[in-house]
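Architecture at a glance
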Amino acid sequence: MEVNLKREAIQYCTPVYSDTLNREETLETVVSDTLPDIARILDVDAAVYLRSKTLQQGSIRIEGSIRGTVLYIGEDSERLQKIEAELPVVFSAEADGAEDTDTLAANVCVSSAEAKLLNPRKIQFRAGVCAAAAVYRSITAELPAEAETTPGLYTLTDTKTVSFLSGVEEKSFLISDEAELPAGCPPMEKLLCYSHTENVDELKQVGGKMILQGTVRLDTLYLTAGDDTPQQQSFRIPFSQILDIANGKAELSTVVLTSGGCYLEPLSGSDGITALHLELHLCAQTFCRSETEIRYIADAYSLKSTCRLKTDVIRTLNAVRPAVLRQSVRETLETPDSPKDIVYARVTAAFPARTEGGISENICVRVLYRTQRSSLSAMTRVLTLRFENGENTGISLPETARFGDIYAAAGDNAVELRCPVELTLDAAAVSELTYVNALELEEGETADETEHPSLIVIRLGTESLWNVAKKFGSTCELIESANPGPMNPGDLILIPRGR
């Protein structure tokens, strides 16, 4: 006989698939007729943009584009030149068990970029890129909270406040702004390259919405009229957005920003280029966590019949804030020739990887400098950072590390690099909560009482009173009646047999 159970519905989100996909794309391109032949390649940069993502019939498809910039010295002068390349990239994977109604979230990053000189008019550009993909499913679970009153049946009902991933929301938006050169800076003649990073500065819940305050950092390298030495300039552009929250409530949220495209247009004035117009397409993926109190049947037994339990499991989170791991990069990087002064320094990162005892992340350091002979040179190094005691649960998407102000100084055949690093990890630990989903009493099959005399004496251990009563065919009420006062581990207690 199946016992009727009163159920209460809860809604939550659970990950059903996650993986990091890797691709390497190559493109051969020629130098424009308006540019000089290549004498030597100095620097290579790349950015990847997420254009679209689809989940259909268990197949994931993520489409993006790679923007590459190659800086070189021409054969006719020491003046920097640039070659730009753009090529598509497609990631695909089979997500076993994923359904079309599930939610696909994704993030992308560049893991490597290089260029090879094929001849003075042709190069081969190669970029390694990664896509982190995760699929989430919205689930409605009906947890039994009470059992129908049945002679001889005893149930253990528990109440807990638990944290769930309540949903994954997404919003695309455009940042359109102008970045003006500071007063006193000479106007630009030619923009060589640029990079951008987006940071979430503050999240604040107002009603059923989330207010996001963030900053775009735009780093540029350019030439001025009559000067072959490149100039570096950084801009900080604030932005804000109103984001939706799953079910209108979230005690904690994590927002992952991905870029779908960036367009930078020089704005000319009477004295030259004095400002840049930025159009940056961003997507905010919000991972909402909410707390709720649930009642559920944790265990049951019968003194009259054989009781068979069917249990099930739901995944819950420990509602802790994301962990921010900090390090300071302090490196002396050898150079092939002695630098005189630093022109440009940039640090980028790939996705972190889980290792024994923590998290590791590869960072790429690129430095453009002028040598003692006044010629331009460059160096690239890949460093591995290790963060101890870091753990990424995979509940939200991985993010690359963020870097503060970079200090780079010329040394003796070396560059002295100093840079603060922050890595944010989803610190929510996943736990499983087991509950009784169905109860069945075997009709005509009575509980075995041959091993249980009417009264026994035991020495109480660390077991709960419920487990003792269930083990010896009694009830918590009978044991408490037979043993007035507190019962502590090590005490001798009487256990009457239940009827």
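Attention in this report is confined to the structure presented alongside it. (Residues numbered from 1 in each chain as written. Predicted model: local features only at pLDDT ≥ 70, side-chain atom pairs only at ≥ 80, totals over all residues. Heavy atoms only, no water.)

Points about the overall build of the protein
What the protein contains, in helices and strands, is 2 helices and 24 strands. Relative to the 2.2 N^0.38 estimate, which gives 23 Å for 499 residues, the radius of gyration of the protein is 31 Å and therefore markedly larger than a compact globule would have. Buried residues in the protein amount to 49% of all 499 residues. Counting only contacts in the protein whose residues sit at least 6 apart along the sequence, the fraction spanning at least 24 positions is 77%. Of the accessible surface of the protein, which amounts to about 24,000 Å², a share of 44% is contributed by carbon and sulfur atoms. For the protein, the separation between the mean place of its 47 positive charges and that of its 73 negative charges on side chains is 2 Å. (Helix = DSSP H or I, 4+ residues; strand = E, 2+ residues; numbered from the N terminus. Rg over C-alpha atoms; globule rule 2.2 N^0.38 Å. Buried < 20%, exposed > 50% of the residue type's maximum accessible area, 1.4 Å probe, protein only. Contact = heavy atoms within 4.5 Å. Areas by Shrake-Rupley, 256 points an atom, 1.4 Å probe, with all protein chains shown as cover. Lys, Arg positive; Asp, Glu negative; His and termini not counted. Charge placed at Lys NZ, Arg CZ, Asp CG, Glu CD.)

A few points about the packing of aromatic side chains
For the structure on display, the rule yields 5 aromatic pairs. Considering the side-chain rings of Y12 and F164, the 4.9 Å spacing of their centres and the 25 degrees angle between planes classify their relative orientation as stacked. Pair noted here: Y12 is in strand β1 (residues 5-30) and F164 is in strand β7 (residues 153-180), with a separation of 152 residues, a long-range link. Comparing Y12 with F164, the two get one shared label, buried. One aromatic cluster in this structure is built from Y154, Y301 and W466. If you follow R67 out to its NZ or CZ, it ends over the ring of Y194, 4.2 Å from the centre. (Phe/Tyr/Trp six-rings, centres within 6.5 Å; stacked < 30°, edge-to-face > 60°. Lys NZ or Arg CZ within 6 Å of the ring centre and 35° of its normal.)

Here's the deal with the pattern of salt bridges
Within this structure, the stated rule accounts for 28 salt bridges. Ionic pairing is found between D219 and R217, a salt bridge with its closest N-O pair at 3.2 Å. A relative accessible area of 11% places D219 in the buried class. With relative accessibility at 16%, the residue R217 sits in the buried group. A salt bridge links D299 to K470, with the nearest nitrogen and oxygen atoms 3.0 Å apart. Placement of the pair is D299 in strand β12 (residues 272-302) and K470 in helix α1 (residues 465-471), with a sequence separation of 171 residues. For K470, a relative accessible area of 33% puts it in the partly exposed group. In the salt-bridge network here, residues are joined through shared partners; they are D43, D45, R346 and R366. (Salt bridge = Lys/Arg side-chain N within 4 Å of Asp/Glu carboxyl O.)

Quick notes on the sheet that holds strand β10 (residues 227-244)
Spatial strand order, β8-β9-β10: 3 strands in an open sheet with antiparallel pairing. Here the strands that pair on one side only, and so sit at the sheet edges, are β8 (190-206) and β10. Taking each pair of neighbouring strands and ignoring which way they run, the sheet shows an average axis angle of 15 degrees. Here strand β9 (residues 209-224) pairs with β10 via 15 bridges, running antiparallel. By the bridge assignment, T215 is partnered in β10 with P238. (Pairing = 2+ DSSP bridges. Axes fitted to C-alpha atoms, helices over the stretch in contact; angles between N-to-C directions.)

As for the sheet that holds strand β4 (residues 80-94)
The antiparallel open sheet is built from 3 strands, whose spatial order is β2-β3-β4. Among the strands making up the open sheet, the edge pair consists of β2 (38-56) and β4. Here the strands of the sheet are splayed against their neighbours by 15 degrees on average, with no regard to which way each runs. As judged from the 15 bridges shared by strand β3 (residues 59-74) and β4, these two strands associate in the antiparallel manner. Bridge pairing in β4 links I60 to A93.

Side note on the side chain of R217
Inspection of the secondary structure puts R217 in strand β9. Separated by 3.2 Å, the side chains of R217 and D219 make a polar contact. (Polar contact = N/O pair within 3.5 Å; in protein donor to acceptor, adjacent residues only side chain to side chain.)

Side note on the environment of Q57
Locating Q57 in the fold gives a position in the loop between β2 and β3. Residues Q57 and A39, 18 residues apart in the sequence, show an inter-C-alpha distance of 51 Å.

So, the nonpolar core
Counting residues in hydrophobic clusters, the biggest one holds 34 residues, and the most contacted among them are Y17, I60, I62, I66 and F125. At the level of secondary structure, the elements contributing two or more residues to this core comprise β1, β2, β3, β4, β5 (103-119) and β6 (122-147). The element that contributes the greatest number of residues to this core is β6, accounting for 7 residues. By size, the runner-up hydrophobic cluster in this structure holds 32 residues, among which are M188, I245, A250 and L257. (Core = buried A, V, L, I, M, F, W, Y, C linked by side-chain atoms within 4.5 Å.)

Let's talk about a nonpolar patch on the surface
On the surface, L455, V457, L492 and L494 cluster together into a nonpolar patch covering about 360 Å² of accessible area. Tracing the backbone through its elements, the reader meets L492 in strand β24 (residues 492-496). Take L492: its relative accessible area is 55%, and that puts it in the exposed class. (Patch = residues over 30% accessible without salt bridge, like charges linked within 9 Å, V, L, I, M, F, W, Y side chains within 5 Å.)

Points about the environment of E170
By the secondary structure assignment, E170 is in strand β7. Residue E170 is classed as partly exposed on the basis of its relative accessible area, which comes to 45%. Put simply, E170 and P339 are 169 residues apart on the chain and 47 Å apart in space, counted from C-alpha to C-alpha. Setting aside its immediate chain neighbours within four residues, E170 contacts K53, L104, C283, A284 and Q285. Looking at E170, its side chain comes within polar contact range of the side chain of K53, at 2.6 Å.

Details of the environment of L221
Assignment of secondary structure puts L221 in strand β9. Note: C-alpha distance between L221 and C193 (28 residues apart in sequence) is 5.4 Å. Look past the residues within four positions of L221 in its chain and what remains in contact with it is L71, L191, L192, C193, P230, Q231, Q232, V343, Y344 and L368.

Such coordinate-based values are descriptive only and should not be taken to indicate function.
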